[in-house]
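# Coordinates in review
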2 protein chains.
Amino acid sequence: MNAEIIAVGSEMLTAGRLDTNSLFITEHLNSLGIEVSAKHVIGDDCDRLVTSIRRALSDADIVILSGGLGPTEDDLTRDAVAQALGCSMSADAGILAAIERRFRIMKREMPEINKRQAMILDGAEILPNDRGTAPGQWRTVVSGAGQKVVLMLPGPPSELKAMFTRECLPRLAKIAPPTAIHTVVLRVTGVSESHLDQTIAPIYMGRANLTTTILAHEGDLQVRLRAQCDTIEAAIALSEEVAALAAEAIGEHVYSRDGESLESLIGKRLMDAGQTLVVAESATGGGLAERITSVPGSSAYFVGGYVTYSRRMKTELLGVPETLLVQFGAVSKETAQAMAEGAKTAAHADWAISITGNAGPSTDGDKAPVGTVYIGVAGPDGIEVTHRVWPVNDRGRVRAFAVQAALDLLNRRLRVG
Amino acid sequence: MNAEIIAVGSEMLTAGRLDTNSLFITEHLNSLGIEVSAKHVIGDDCDRLVTSIRRALSDADIVILSGGLGPTEDDLTRDAVAQALGCSMSADAGILAAIERRFRIMKREMPEINKRQAMILDGAEILPNDRGTAPGQWRTVVSGAGQKVVLMLPGPPSELKAMFTRECLPRLAKIAPPTAIHTVVLRVTGVSESHLDQTIAPIYMGRANLTTTILAHEGDLQVRLRAQCDTIEAAIALSEEVAALAAEAIGEHVYSRDGESLESLIGKRLMDAGQTLVVAESATGGGLAERITSVPGSSAYFVGGYVTYSRRMKTELLGVPETLLVQFGAVSKETAQAMAEGAKTAAHADWAISITGNAGPSTDGDKAPVGTVYIGVAGPDGIEVTHRVWPVNDRGRVRAFAVQAALDLLNRRLRVG
């Protein structure tokens, strides 16, 4: 069973907008064993919409439209579906009353154009919208072999998600083929995406009932292994078998086998050990602390951070000797070491991470080339400084890679300890 | 003149992946006066691809495909385009030699499958790839009325962007209709997207030759006014006229009229005044410092930041009295004030921003409800503390909103001074 998703709206075709609703829909369709075979974005043009809906219905069992259910002339989804299916529409008195009520609560009169939102396709089921005025619609279409479904959902993500979860998933579950799905997520860092894929492709390629996806985000990689079988036991066995083989092939670069993030894993390890962490960063400007504190409850082990952007702060707060900064430069192994040691001492913490580097675009008079970063990790068993260079010439990416590498280094130390 | 964009690859149809290449392509097509009339994502299925390419060619003047040019069996774009156009392909000796050379440099033998990447459509122009092995292809198609173009680009964003900019834009500029475009970007904060749209819709609605887009990202709003006219003078006049009316209607919430970001604007104002800034944050955990230092050259005015996650750090580094923390709590107006004053003094800075709050999900024993944030701004002319509550129950969003609000407050103070 397959589905196509059509996002409707000219604003979705501009350079600043992406259709993210389809990710949410895809995730839930996949969990029911329904594949998404194509996605489309179509502007507010009735003829194009009618053509797109007819094409999608000829190719897929389920066609899901999002957006274009507002009250204005530009909101054409209702008309286009009616035209594509050759069926008529009529105003629903209950919906109309509900819209009028919403306006009364806001102490405003309902504009005439809002009546359009009460137009329902003949034969469609109404999907109530508890977060906005436009109801969704579920319309079954009898086609040659069996039945197909056209689904109309509102565009605003909060309205769409609530409606899809409450109204559509139970209906879709009834028509979805009986199937069981199990997904294992390996999280990996310290290797490139292409190297990772080359390593594990021989393991996952050609496996029946298994879908493998590799996601990469600024040095953080996810291998998603999704098995779809007749029974849940078979799906678990298949995905776990492939995950074990893949993890063995990737080796030490796998940091978690249950999808857990690096920052969350570090938090658990620190809590288990009853230890605390402090950070001192310059090049990453707070990004390392920000990532660590993105974990709820991180105040239990994270003492705080020093964003020592000036030399004076490095000296006054962390006790990095002025002479050392002059002799070796702010971007140096010696400075990274002094920052980590200074932060650990000043904050009375068990662990300290330091980052100093040059994220670019200019070298700021420093001798170190753009992309050069030194990372120090000081712990109960001593200090280690690592030198990395990312020749990407992209300030944001160098900073993100440096944060990722720093977390990876700490996690490896915690894993050993 | 219109274009359709087809992103190719089954991985682009999974729940974790979005086609972002199309945003880059759209922006550049629009700058040439070429509209994007539809976007599609199609999996690695040759029949579906052939159908999609034929449909797009029947609807659009330019069809741009991204992805599916790799060496594996799954990479079907070349074959699908050849089939859709009914033309043959042959291996290009120069491309083949270049791929072999790339592998030699990496000291590896070229796998047999990489030969597929040298297959070029008869009649196509080769678009060299300086960042990967797969060349792009530009194929003109004679159709009834005139000529259409099919463009094949590699999927990895860095390869696509470099190739599109260098090879495609000059070719597209030659066939694009003569037109002049001018865009004005108003940047706005402190109002909701719906309120903003309601305010300015009467101004931009129904204007010929004007496209208006509102983008919202965690409290930061952009109003993009793009005029497309016969002459550049007309385009500038139209977009500037509407921008002036919109800016007047929005009032003090407009912080820049040339697209400049809040953090960059703050940087310029501090540099002009020869003043420095320090931050002290707990709830945002480094996110405020991270955003300020995302601006290249920020070390000229940003002294550094204190991420005071523990009470001890608030006391030791910022001199927040222990008794004050006990009496009013860490999330309080009094603590925010003491943090800003303490940071300003400790770092010898002209300005200090403090943030203390509860981003959730739990209240950590604090009395302040989730979403409560206090922001202090201390400057040469005194200190001000603002209290905000974002009842969104989303740790990441509360933190991002708090950073945005803090930057807004500082910018307003700097604007007045």
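Residues numbered from 1 in each chain as written. Chains lettered and ligands numbered in written order. Predicted model: local features only at pLDDT ≥ 70, side-chain atom pairs only at ≥ 80, totals over all residues.

### As for the interface of chain A and chain B
Short version of the rule: For the purpose of contact definition, each residue receives a C-beta atom placed from its backbone, and two residues are in contact when these atoms lie within 7 Å. Each residue receives one of three labels: charged for Asp, Glu, Lys and Arg, nonpolar for Ala, Val, Leu, Ile, Met, Phe, Trp, Tyr, Cys and Pro, and polar for the others, Gly being one of them.
Between chain A and chain B, the contact holds 49 residues from the first and 51 residues from the second. Partitioned by chemical class, the residues of the side of chain A that touches chain B number 20 nonpolar, 21 polar and eight charged.

### Description of the pairing of strand β9 (residues 180-189) of chain A
All names here are of chain A. Our working definition: Whether two strands pair depends on DSSP finding at least two bridges between them. Segments assigned H or I by DSSP are reported as helices when at least four residues long, segments assigned E as strands when at least two residues long, and all are numbered from the N terminus.
The pairing of β9 with strand β11 (residues 220-229) spans 10 bridges and is classified as antiparallel. Within β11, the position partnered with Ile181 by the bridge is Gln228. Both β9 and strand β12 (residues 254-256) contribute to a ladder of two bridges, which runs antiparallel. Paired with Arg187 across the bridge in β12 is Ser256.

### So, the relation of the copies chain A and chain B
Applied cut-off: Least squares is the method for superposing the copies, and the C-alpha atoms it fits come from residues with pLDDT of at least 70 in both.
At an RMSD of 0.8 Å, chain A and chain B line up after a rotation of 180° and a shift of 0.7 Å along the axis. Interpreted geometrically, this transformation is the action of a two-fold axis. When the interface residues of chain A are mapped onto chain B, 100% of them again fall at the interface, so both copies present the same face.

### A closer look at the sheet that holds strand β14 (residues 302-308) of chain B
For clarity, the threshold we go by: The axes are straight lines fitted to the C-alpha atoms, using for helices just the contacting stretch, and the angles between their N-to-C directions are given from 0 to 180°.
Taken in spatial order, the 10 strands make up an open sheet running β17(A)-β16(A)-β15(A)-β13(A)-β14(A)-β14(B)-β13(B)-β15(B)-β16(B)-β17(B), and their pairing is mixed. Edge positions in the sheet fall to β17 (382-389) of chain A together with β17 (382-389) of chain B, since each has one partner strand and no second. Averaged over all pairs of adjacent strands, the angle between strand axes in this sheet comes to 10°, irrespective of strand direction. Note that strand β14 (residues 302-308) of chain A and β14 of chain B share five bridges and pair antiparallel. Each residue of the ladder has a partner; that of Val307 of chain A, found in β14 of chain B, is Gly305 of chain B.

### Description of the domain arrangement of chain A
One frequently used descriptor of interface size is the decrease in accessible area upon assembly of the parts. This is how the line gets drawn: Segmentation into domains, and thus their bounds, comes from an automatic or database assignment.
Taken domain by domain, chain A comprises domain 1 (2-175), domain 2 (180-256) and domain 3 (262-416). If you average the C-alpha positions of domain 1 of chain A and of domain 3 of chain A, the two centres end up 49 Å apart.

### Side note on the packing of helix α2 (residues 46-59) of chain B against helix α3 (residues 77-85) of chain B
All names here are of chain B. The condition is simple: Throughout, the term roughly parallel applies to angles under 35 degrees, roughly antiparallel to angles over 145, roughly perpendicular to angles from 65 to 115, and oblique to all others. Note on convention: near helix rotated counterclockwise from far helix by under a right angle means a left-handed crossing. Clockwise means right-handed.
Contact geometry for α2 and α3: axes closest at 8 Å, N-to-C directions at 50°. Accordingly, the angle class assigned to the pair α2 and α3 is oblique. In the packing of α2 onto α3, the handedness of the crossing is right-handed. In contact with Cys46, Leu49, Val50, Ile53 and Arg54 of α2, α3 contributes Asp79, Ala80, Val81, Gln83 and Ala84. Residues that form the contact of α2 with α3 fall into these classes: seven nonpolar, one polar and two charged.

### Side note on the sheet that holds β12 of chain A
Residue and element names in this part refer to chain A. Here four strands make up an open sheet; going across it, the order is β10-β11-β9-β12 and the pairing antiparallel. Of all the strands in the sheet, just β10 (210-217) and β12 have a single pairing partner and so form its edges. If you compare each strand with its neighbour and ignore which way they point, the axes differ by 30° on average. Packing of helix α6 (residues 193-204) onto the sheet brings it into contact with β9, β10 and β11, and relative to β10 it is tilted by some 170°. The sheet strands contacting helix α7 (residues 232-250) are β9, β10, β11 and β12, and the helix crosses β9 at an angle near 15°.

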